[in-house]
Amino acid sequence: MDLGVRWKLHGDRRTPAPGAVVRPDERLSWPRTAGLGAQHVVAMFGASFVAPVLMGLDPNLAIMMSGVATVVFLLATRGRVPSYLGCSLSFVGVAAVIRAQGGSSATVTGAVFVVGGALFLVGLAVRRFGARIIHAAMPPIVTGAVVMLIGFNLAPVTASTYWPQDQWTALLVMLFTGLAVVCLRGFWSRIAIFLGLVFGYGISWIFDLAFGKIHSVDASGKLTDHWRLDLSGVGKADWIGLPTLHAPSFEWSAILVALPVVIALVAENAGHVKAVGEMTGERLDDKLGTAIAADGVGSMLSTAVGGPPNTTYSENIGVMAATRVYSTAAYWAAAGFALLFGVCPKFGAVVAAIPGGVLGGITVILYGMIGLLGAQIWINAKVDLRNPLNLVPAAAGIIVGVGNVSMKITDTFSLSGIALGTLVVITGYHALRTFAPAHLKTQHPLLDEGTSSYDDAKS
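All of these numbers come straight from a predicted model, not from anything done at the bench.

Parameters and conventions
Here the residue numbering is sequential within each chain, running from 1 through the sequence in written order. Only residues with pLDDT of at least 70 are given local features in this predicted model, and only at 80 or more are side-chain atom pairs given and counted; all residues enter the totals for whole chains, interfaces and linings. Only hydrogens and water are removed before side-chain values are computed, so all heavy atoms of the structure are retained for them. A patch is a set of surface residues, each over 30% in relative accessible area and not in a salt bridge, joined within 9 Å for like charges and within 5 Å for the nonpolar side chains Val, Leu, Ile, Met, Phe, Trp and Tyr. Accessibility throughout is a Shrake-Rupley quantity obtained with a 1.4 Å probe, and a residue counts as covered only by protein chains that appear here. Criterion for a salt bridge: a side-chain nitrogen of Lys or Arg within 4 Å of a carboxyl oxygen of Asp or Glu. In DSSP terms, a helix is any run of H or I states spanning at least four residues, a strand is any run of E spanning at least two, and both are numbered starting from the N terminus. Only protein chains enter the accessibility calculation, which uses a 1.4 Å probe. A residue is then buried if its area is under 20% of the maximum for its type, exposed if over 50%, and partly exposed in between. Residues enter a nonpolar core if they are buried and are Ala, Val, Leu, Ile, Met, Phe, Trp, Tyr or Cys, with the set joined through side-chain atoms within 4.5 Å. These domain limits were set by an automatic method or by a database of domain assignments. The contact criterion used throughout is that any non-hydrogen atoms of two residues lie within 4.5 Å. An arc is given here, and it is the one of the directions from the helix axis to the C-beta atoms.

Participant: I'd like a description of a nonpolar patch on the surface, backed by residues and values.
Facilitator: A cluster of nonpolar residues, Leu385, Leu391, Val392 and Leu432, forms a patch on the protein surface that exposes about 300 Å² of accessible area. Relative to the elements of secondary structure, Val392 occurs in helix 19 (residues 388–402). Val392 sits in the partly exposed class, given a relative accessible area of 45%.

Participant: Go over the pattern of salt bridges with me, naming the residues and quoting the values.
Facilitator: By the definition in use, this model includes four salt bridges. With a shortest N-O distance of 3.7 Å, Asp25 and Lys8 are connected by a salt bridge. One end of the pair, Asp25, is in the loop between strand 1 (8–9) and strand 2 (26–27); the other, Lys8, is in strand 1, with 17 residues separating them in the sequence. The network of salt bridges with common partners includes Asp166, Asp208 and Arg228.

Participant: Would you mind going over the nonpolar core in detail, with residue names and values included?
Facilitator: Core analysis: the biggest nonpolar cluster contains 97 residues, and Phe49, Met55, Val92, Ile354, Tyr367 and Trp378 have the highest contact counts within it. Built from parts of two domains, this core gets at least three residues from each of domain 1 (29–382) and domain 2 (384–443). Apart from residues no more than four positions distant in its own chain, Val92 is found in contact with Ala51, Leu54, Met55, Leu154 and Tyr367. Ranked by size, the runner-up nonpolar core spans five residues in total, among them Val22, Leu36, Val325 and Ala330.

Participant: So what about helix 7 (residues 155–162)? Which residues, and what values?
Facilitator: Every buried residue belonging to helix 7 is among Val157, Thr158 and Tyr162, and all of these are buried. Relative to the axis of helix 7, the buried residues are bounded by an arc of 95° and lie together on one face. Every exposed residue of helix 7 that faces more than 90 degrees away from the buried side is listed here: Ala159 and Ser160.

Below, the structure written as structure tokens:
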């Protein structure tokens, strides 16, 4: 059985010829492949260790399980879809809502485990019936609205939790990160979040030296005098050791909050598979369902031991576009490095010490970017917001989700925020479509013009 773990040597094994690409089934020399793998790890670092911190989960475990999930993905796709699976930012808002309702880390991972299972089933369905089922259930107006409300629902977390801890550091980090995203080129622009974190660390250290302790709320929400950058835990941490594991706990209220993220993950995976196919020049239509299912399995494995969910990372796709090296051997190397970082508690302590003000500056941009990805889906699909069939359910669902509107169903069960907003968008759209006149029912596919090939492959 071909598992995609054999690679032909490319050219002179050192440098691709001008204009040439290193294909997924090729590799350079192992030292150069290892270097490319390290570059992929750096590219995913920014989001992949910010996400577990924001979700209140162990960053060491997150990095380690991202390596495991990547291995599962590469084996499932037989080495044809070069991608790295890092911690998904789509679940940050879900985790915040679950914790606000009194949920623990086990409750968060239990809810996300179910989402991983749902994603796996969606992947199997796509393999069987083709992408047409995605188009039918989740047209662009629905997908864009759900992604938008998931991102913008996070705004209160930044405003009330992170920014107040150190507003001036947050402002400087926001400005620096914004400049890095816009002004840097190539690989450096892909790690702008990581650079913003490094800048924030430095600024916090300088401010502590110059001004002493800050009088503000700390991470627990208490008003107190505290250091901006507290590295006391780093010195106490071991160099080698396993991360903390815990079993998931399942609660219906938390599961209902998390389930809407399936929509965002399906759109995200489909877009990434299409992008990789265009870069490598290969038809990957037959791997769309497999990629979605593999993502679900990777998330289930991670959350089963207390880690965060995973998804394919656009940062690493950007690295491939810049280097023109699509070798899956580099991703195996990246997964190996991630596993090594995962068993270094000192690394986790450094991550856990990220000052709240730094996270405030980062999340202002990061959460907004997540929300605006929904608008990008609308733009790519040419969604007509003048059409009331599109406008009404999207408008209502976004306000319900962003405003955290709540509906009490029984004395012990209620729907609110992301879950209720998603329900309003999906049911509202399909209910209105049932009664709408024919001229309002023109619909574009979930993906862009290349999507039709997915259906053709299954016909």
